[in-house]
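# Structural description and commentary
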Amino acid sequence: MIVYIALGSNLSNRDNYLIQAIEMMQQNNITVRNKSSVIETKAYGYTDQPDFLNMVIEAETDYSPQELLEQLNIIEKKLNRTREIHWGPRTIDLDIIFYGDEIIKDTNLCIPHIDMQNRFFVLKPLMELNPNIIHPEYNKTAKELYDDLTIKEALKYASSRDGFGMKLGLENIKELLTRIGNPQDKLNVIHLAGTNGKGSTSNFFNNILLEGGYKVGLFSSPSIINITDMFRINNKDIDTLLFSNYILRIKEIADTMDIEGFYTTIFEQYTAIALLYFYESNVDFAIIEVGLGGRLDSTNVFNKKILSVITSISYDHTDFLGNTLSSIAKEKSGIITEDDLVISYDSDDEALNIIKSISSEKNASLHILNFNDINVHTSNENGSYYDFLDYKNIHISLLGEHQIKNSALALLGISLLKEKNLVTISDKNIYDGLQKTIVPGRLEFISSDPRILIDGAHNLSGIVRLVEFIDKLSYNNIYVIVGILKDKEYSHMVQKLADIKNATYIITDVPNQERKLDNKILFEEFAKFIPSPNITISNNNITALETCMKHYKDGDLILITGSLYLISSIRKHIQDIKGDQLWKVNRKFNNKY
């Protein structure tokens, strides 16, 4: 019978114990056919002990499984193996991983090994010997089990790191980038900052460049469905396994940096992953969205870019960015570098003067979007048609008049890049790219029957635009599921949401434990403007959706808004029910509830 046996040692002369164990097997009718490399790993389970040397052998034997176990126990005893502490230090550890394709579950013997799928130190050497060997119980190869564990451990690490919150500053991210070869210096970067519109504008840039035949990387946050959608090349999310491998690569460096006092947040690590991924994938352009602010954001690490973009500026994250438009504009404009090419929204004078001043200090060429150059034909549920400069009858699919300005800003940027011969883009590429741009979670009808609209408006200016859009829609009753983070201007946001006609409000939790606003506080804010019978609390956002579904009738509308985290959670839930074609919905959806 062909068997696979795992060997480990972490006491005294570890190499010698492994060699002696193999020799004893050979002497006891266990013929070793192949040996893996020896790897050194941290202890598993009880971690306060020396590191292990681990390997796997492929062997042939006539012993039965129980007889083989007895022989391995004899070898362990001869090599002074003791079992004083569960998972404690040991001179030698011998485990049967596979015995042919048999499945055995006895009190003292489990084959395949009961925990092998959770042990890198077993799967890695096993994969070296036979990556295609199939686990008879899971029906997966050793390679598939290894990949599954890679993803599991990477996401577990990311989740644990996420709990430490955010930190503004550039010292640690720059140190991390230095240790991975400064990939940011080898990319053609379009860098976007702003309070609202970054996501939409970056996607307009992305799709125009794609239509021009370029390979384009896009880093945006937060994620909408899965963490991998923050990292995209040519509109395709990074592969989950590849992403996990990047996490573990960065983790190895970050662990060393932690010890040295350079602690990196998970967003700093994500930034490094994006830049490394785009560089190693040889993209033509990397579109990078600021996470928060700009000046001290972890994406602000570029010495040179092809374009800096500043979208609309309004009040948001005032705890971090200041409570005046000038202070916020200063943080956003912090992305401007020496001799930069910059485009900007035509903001309030208070903000625009700061943008102009910093551009002048950096000898940057600043171009401001003139809204008077935009001539809107129509803007409704089917998108918008408008003229801008020499471009006539532009059609965009993204909903809301504010998207006209976002797309025009991207078009202004592309025009400047064309003038500088940095891109070769035809007019058809531009029209097609703008029309094809769709951004999940931005005034998105994810269902037509029932009619469900989600919008990631998460600050006052975003809510204002949302309410303006809702006011143009026809509906009987509207059910508004809303959750807001505590660091937002929630009082003003609520006051504006209260202007929605024929509305019932369902207040729910935002899936961000650190930053979510207490539902009772939000209820009290709504109660200042709305009769209490029209306000309810549902602590679970999926339950909130189910409540709306029970009351929904033809002609009604369900709106989910207030936080990107909230709409992401509900959008994913609906996608899980319905699959990818969210917009092709029929009444069967209601049967779920």
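Just so we're clear, the structure is a prediction, and the values are computed from it rather than from any experiment. (Residues numbered from 1 in each chain as written. Predicted model: local features only at pLDDT ≥ 70, side-chain atom pairs only at ≥ 80, totals over all residues. Heavy atoms only, no water.)

### Some thoughts on the confidence of the model for the protein chain
Heads up, the condition is: The predictor reports its confidence for every residue as pLDDT, a score running from 0 up to 100. Only DSSP runs of H or I with at least four residues qualify as helices, and only runs of E with at least two residues qualify as strands; both kinds are numbered from the N terminus onward. Should any heavy atoms of two residues lie within 4.5 Å, those residues are counted as being in contact.
Averaged over all residues, the pLDDT of the protein chain is 90; the fraction at 70 or higher stands at 94%. Mean pLDDT across the secondary structure elements of the protein chain bottoms out at helix α19 (residues 588-591), with 40, and peaks at strand β11 (residues 216-219), with 98. The low-confidence segment residues 580-593 (pLDDT under 50) makes 33 contacts with residues lying over four places distant or belonging to another chain.

### A short note on the sheet that holds strand β20 (residues 391-396)
Note the cut-off: Criterion used throughout: strands pair if DSSP finds at least two bridges between them. Axes here mean lines fitted to C-alpha atoms, for a helix over just the part in contact, with angles spanning 0 to 180 degrees between N-to-C directions.
Taken in spatial order, the three strands of this open sheet run β18-β19-β20, and their pairing is antiparallel. Because the sheet does not close on itself, it has two edges, and the strands there are β18 (374-380) and β20. Each adjacent strand pair in this sheet contributes to an overall mean axis angle of 15°, direction not counted. Alignment of β18 against strand β19 (residues 383-388), held across six bridges, turns out to be antiparallel. Residue pairing across strands places T378 opposite Y385, the latter belonging to β19.

### Describing the packing of aromatic side chains
Between two aromatic rings, the relevant description is the distance of the centres plus the angle of the planes. Rules: Here the aromatic set is Phe, Tyr and Trp, taking the six-membered ring for Trp, and pairing holds for ring centres within 6.5 Å; pairs whose planes are under 30 degrees apart are stacked, those over 60 apart are edge-to-face, and all others are tilted. Here the term buried applies to any residue with accessible area under 20% of the maximum for its type, exposed to any over 50%, and partly exposed to those in between, with areas from a 1.4 Å probe on protein chains only. For a Lys NZ or an Arg CZ to count as sitting over a ring, it must be within 6 Å of the ring centre and within 35 degrees of the ring normal.
Counted by the stated rule, this structure contains 13 aromatic pairs. Look at F231 and F243: their rings are 5.1 Å apart centre to centre, the planes differ by 40°, and that puts the pair in the tilted class. On the criterion of sequence distance, the pair formed by F231 in strand β12 (residues 231-233) and F243 in helix α7 (residues 240-260) is long-range, its members being twelve residues apart. Since its relative accessible area comes to 0%, F231 is described here as buried. Here the aromatic cluster, defined as three or more aromatic residues joined through ring pairs, consists of F219, F231, F243, F267 and Y270. Lying over the aromatic face of Y279, K186 brings its terminal NZ or CZ to 4.8 Å of the ring centre. The ring centre of F371 lies 4.3 Å from the NZ or CZ of K405, which sits over that ring.

### Quick notes on the nonpolar core
To keep things clear, this is the line we draw: What makes a nonpolar core is a set of buried Ala, Val, Leu, Ile, Met, Phe, Trp, Tyr and Cys residues whose side-chain atoms join them at distances within 4.5 Å.
One finds I190, F205, L209, L307, Y386, F388 and L434 to be the most contacted residues of the largest nonpolar core, which totals 40 residues. Filtering out sequence-adjacent residues up to four positions away, F388 remains in contact with L369, N370, D373, I374, I394, A408, L411 and L412. Ranked by size, the runner-up nonpolar core spans 35 residues in total, among them I180, F219, I238 and Y270.

### What to know about the sheet that holds strand β15 (residues 307-310)
Judged by pairing direction, the sheet is mixed, and its eight strands sit side by side in the order β13-β12-β11-β14-β10-β15-β16-β17 without closing on themselves. Strands with a single pairing partner mark the edges of an open sheet, and in this sheet they are β13 (236-237) and β17 (365-368). The sheet contact formed by strand β16 (residues 341-344) and β17 spans four bridges and is parallel. Within β17, the residue paired with S344 across the bridge is I368. Along the sheet, helix α11 (residues 349-361) makes contact with β15, β16 and β17, crossing β17 at roughly 155°.

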